[in-house]
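Remarks on the overall topology
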Amino acid sequence: MAELGPVLEVLLGGLMSGVLYSLVALGFVLIFKASGVFNFAQGAMVLFAALSLVRLAEWLPFPLALLVTVLIMIAVAWTVERLVLRPLVGQHGLILFMATIGVTFFLDGFGQTIWGSNVYQLDLGIPSTPWFLFESLFPGGILVSPVDVFATVIAGSLVLALSIFFHGTRIGRALRAVADDHQAAQSVGIPLNQIWLIVWSTAGIVALVAGMAWGSKLGVQFSLSLVALKALPVLILGGLTSIPGAIVGGLVVGAGEKLAELYIGPLIGGGIEYWFAYVLALAVLLVRPQGLFGEKIIERV
Amino acid sequence: MRAPRSAALLATTAALALLAAQPAAAADTIFYPSLVYRSGAYAPNGIPFANGVADYVAMINARDGGVGGVKIEFEECETGYATDRGVECYERLKTKGAGAVAFSPLSTGITFALTEKAPVDKIPLQTTGYGRSESADGRVFQWNFPLLGTYWSAADILIQHTAKISGGLKGKKITLVYHDSPYGKEPIPVLQDHAAKHGYTFEAIPVTHPGVEQKAAWLKIRQTRPDFVFLWGWGVMNSTAIKEAVAVGYPREKMYGVWWAAAEPDVRPAGDDAKGYNGLALHPAGADYPVHKDILKYVYDAGKGAGKREEVGEVLYNRGVIDAMLKLEAVRTAQKIYNKKVVTGSEVRDGFERLELTAERIKELGFEGLVTPLKVSCLDHEGARKARIHQWDGQKWVFVSDWIEADTNYLRPKMEAAAAAYAKEKGITPASCS
């Protein structure tokens, strides 16, 4: 039983890190599902949202800062829709993807220019000292970080809300229609521009939530935008179009990389956590190219 | 249609005349390039250093009209801490003005890349508190100056300190958490040597760039419970390490950062949790030294400060000021040796090699208490190898040890062996130093 404790602890820690990856991956899935665009700027949006919140909170009471940040993210969505997406309606997905790379560079630079490049502390009032569970069962107990638990709860509620939104509402159905075919959706009277605004705003708010969870853990600073890279293997694993896929993918990547680092790492020199997720994703690609939960795409040529 | 054409001609002539006039202007200045990172993952640590350098140079220009009667032409180039961009900056700036006097890359990766270029271009590399450890051997690394202390010195000092406070390291466990880069790997050989000598168990855990993922490393530390954790991180990796230590309940009092993991941006993001965290200090923090009074008077009062007034005197700011001062002292020494005002990179190299900061000169410069005396020679390009330990009390850094000097008797032969191996590999004939 004594040996099982550490393994369980790493597994649990990994699963919770995975939830944080899922939060970022969720933003990608949302935009892809509803507009067929792979939004490379999601990481930059996480950074921008978190930076805006933490700097505004220096001047305003926290709830007001949060509200203003939500408005800022909607403004970002509106600007992206107007200046980047609208001129590119009907273009190939790859072109839209390239455009979002441009948005990434702009948001990274713009965010640092107006809000600064320092590390800012985001204190959400969550205790940082760990909890120890099952101390009677395992010597030293199983360590759980309250920040991770908080992130898990937030991610869970977000997924629930988004699932209801996508499957239970008119807008949700319209979003799915747009994802299948821009022009066909437009021809049956779905206002494409409005839909894009809604989905980019939602992704902006998801980015804000991810930014808060990651920011309270790491401090709000530039590296938050790199965290998005962690979402890529999650997406490959879970499938680009599936919200449950983003969650399960995150959990598998999180737990897998931590266990691999601890138990395979020492055999090959360590530091494998960073690329292990990609190897895992590659293995899945070989067996299921659409990811674990992705839709199998059949295109007639 | 005629007028615009003649206007264009006039403009071209004027531009040509300006271009022709430039070398004349350059002849009366020396060119000081500054490789910085004010954006990207490492910006929180890069900015205060860059500000210290820029403010000190601006102060010398404003107060003394330059160095040895020559104005300093100053230009920054953004590297983002990336080696390729650092090399690009170096190539762009090396021949600017009267030619760069020296480079401080502020990155061990960029230093490694430039070490082979510097002898060809005849421009010295000043690496205050970083760079290749064996480059302290000036016979092989004639163009490198790892002034004030190498990472091998740092590792040795940490072992001396921890051995002293714990009554010997026999049977103890020491874990190094390091940035998986040339920088982070530097202390490993020394810590391994000492493990055999002192009888402690040593383990090294790499953390990949930028260092935001460390959970596995710290869960391992929770299992192995080392007596001390040494932290060789940079940028966000440091504050993340402190936060992860809190998350697994590892005491901050048992953590020791190298001097690049012991500044305000490393501890502040962790808030109160960073209290008790220790680090090496090459010099104190604080803005109460005469040099700061001049910086505030000549630069900030004139509204020309590079950063915020209240950030003057932070650890990395002071390191930037010291780095700039040492460079300009090398320029001054070169001016004396060659008895001329505008000196080249190659002449400044000789200036570095004969750089001597006596207590008296330190006082004159306004750095009393901020740096210890140093003497560089052809054999020894490090000049001094002392540091103190300071501890974060939640608000500021407080010294908890006196100056500790690295053990030259142990380090010197090791350094010479490594330098000789490098010379052999690269086909360098070491200087005789006689």
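Residues numbered from 1 in each chain as written. Chains lettered and ligands numbered in written order. Predicted model: local features only at pLDDT ≥ 70, side-chain atom pairs only at ≥ 80, totals over all residues. Heavy atoms only, no water.

Let's shift gears to the domain arrangement of chain B. Interface size is commonly expressed as the accessible area that is lost once the parts come together. Residues and elements named next belong to chain B. What the domain assignment reports for chain B is domain 1 (27-149 + 285-385 + 411-426) and domain 2 (152-281). Placing a centre on the C-alpha atoms of domain 1 and another on those of domain 2 gives a separation of 27 Å. Taken together, the 30 residues of domain 1 in the interface contact 24 residues of domain 2. Summing both sides of the interface, domain 1 and domain 2 together bury roughly 2300 Å²; the carbon and sulfur share of this comes to 62%. Among the residues domain 1 hides against domain 2, the three largest losses belong to Tyr42, Asn45 and Lys414. Together they make up 27% of the total. The interface formed by domain 1 and domain 2 contains two salt bridges. Taking the shortest distance from any N to any O, the salt bridge between Arg268 and Glu314 comes out at 3.2 Å. Applying the counting criterion to the domain 1 and domain 2 interface returns 13 residue pairs in polar contact (both at pLDDT 80 or more). Counting residues per element, the ones that place at least two in the side of domain 1 that touches domain 2 are helix H2 (43-64), helix H4 (108-115), helix H13 (315-338) and helix H16 (408-426). Of all the elements, H16 adds the most residues to the side of domain 1 that touches domain 2, at four residues. (Domains from an automatic or database assignment. Contact = heavy atoms within 4.5 Å. Buried area = accessible area lost by both parts, 1.4 Å probe. Salt bridge = Lys/Arg side-chain N within 4 Å of Asp/Glu carboxyl O. Polar contact = N/O pair within 3.5 Å; in protein donor to acceptor, adjacent residues only side chain to side chain. Helix = DSSP H or I, 4+ residues; strand = E, 2+ residues; numbered from the N terminus.)

Across chain A, the average pLDDT comes to 84, with 98% of residues at 70 or higher. Of all secondary-structure elements in chain A, the lowest mean pLDDT belongs to helix H6 (residues 170-180) of chain A, at 79, while helix H2 (residues 42-56) of chain A reaches the highest, 94. (pLDDT = per-residue confidence, 0-100.)

Moving on, we come to the interface of chain A and chain B. Listed as interface residues are 43 residues of chain A and, on the opposing side, 35 residues of chain B. For the pair chain A and chain B, the summed buried surface comes to about 2900 Å²; carbon and sulfur atoms form 57% of the total. Linking chain A with chain B are four salt bridges, by the criterion used here. Those elements giving two or more residues to the side of chain A that touches chain B turn out to be helix H1 (4-35), strand E2 (142-144), helix H8 (192-218), helix H10 (243-263) and helix H11 (273-287) of chain A. It is H1(A) that provides the largest number of residues to the side of chain A that touches chain B, a total of six residues. Considering only residue class, the side of chain A that touches chain B consists of 17 nonpolar, 18 polar and eight charged. (Nonpolar A, V, L, I, M, F, W, Y, C, P; charged D, E, K, R; others polar.)

Residue and element names in this part refer to chain A. Here Val220 shows up in the loop between H8 and helix H9 (228-238). A residue is classified by how much of its surface remains accessible, and Val220, at 0% relative accessible area, is buried. Considered as a pair, Val220 and Ser52 are 168 residues apart in the sequence and their alpha carbons are 9.8 Å apart. Other than its neighbours up to four places away in sequence, Val220 contacts Ala50, Leu51, Val54, Asn118, Val119, Tyr120, Leu122 and Gly215. (Buried < 20%, exposed > 50% of the residue type's maximum accessible area, 1.4 Å probe, protein only.)

This part covers the pairing of strand E7 (residues 228-232) of chain B. Residue and element names in this part refer to chain B. Here E7 lies mainly inside the structure; five of its five residues are buried. Burial along E7 is two-sided: the residues Phe228, Phe230 and Trp232 and Val229 and Leu231 are all buried. With five bridges joining them, strand E5 (residues 173-179) and E7 adopt parallel strand pairing. By the bridge assignment, Thr175 is partnered in E7 with Val229. With three bridges joining them, E7 and strand E8 (residues 255-257) adopt parallel strand pairing. (Pairing = 2+ DSSP bridges.)

Here we take up the packing of aromatic side chains. All names here are of chain B. Scanning all chains against the criterion turns up 24 aromatic pairs over all chains. Seen in terms of ring centroids, Tyr32 and Phe74 are 5.5 Å apart; in terms of plane orientation they differ by 50°. Their pairing is tilted. One end of the pair, Tyr32, is in strand E1 (residues 29-36); the other, Phe74, is in strand E2 (residues 71-78), with 42 residues separating them in the sequence. On the accessibility criterion, Tyr32 (1% relative accessible area) is buried. For the pair Phe230 and Tyr256, a centre-to-centre distance of 6.4 Å together with 85° between the ring planes defines the contact as edge-to-face. With Phe230 in strand E7 and Tyr256 in strand E8, this residue pair connects regions lying 26 residues apart in the sequence. By the ring-pair criterion, three or more aromatic residues cluster together here, those being Tyr37, Tyr42, Phe49, Tyr81, Tyr130, Trp234 and Trp260. If you follow Lys197 out to its NZ or CZ, it ends over the ring of Tyr410, 4.9 Å from the centre. (Phe/Tyr/Trp six-rings, centres within 6.5 Å; stacked < 30°, edge-to-face > 60°. Lys NZ or Arg CZ within 6 Å of the ring centre and 35° of its normal.)

Let us now look at unusual backbone geometry. Residue and element names in this part refer to chain B. With omega at -5°, the peptide bond leading from His209 into Pro210 counts as cis. Note on placement: Pro210 falls in the loop between strand E6 (201-207) and helix H9 (215-224). In this model, Leu106 sits at a positive phi of 50°, which is unusual for a non-glycine residue. Tracing the backbone through its elements, the reader meets Leu106 in the loop between helix H3 (83-93) and H4.

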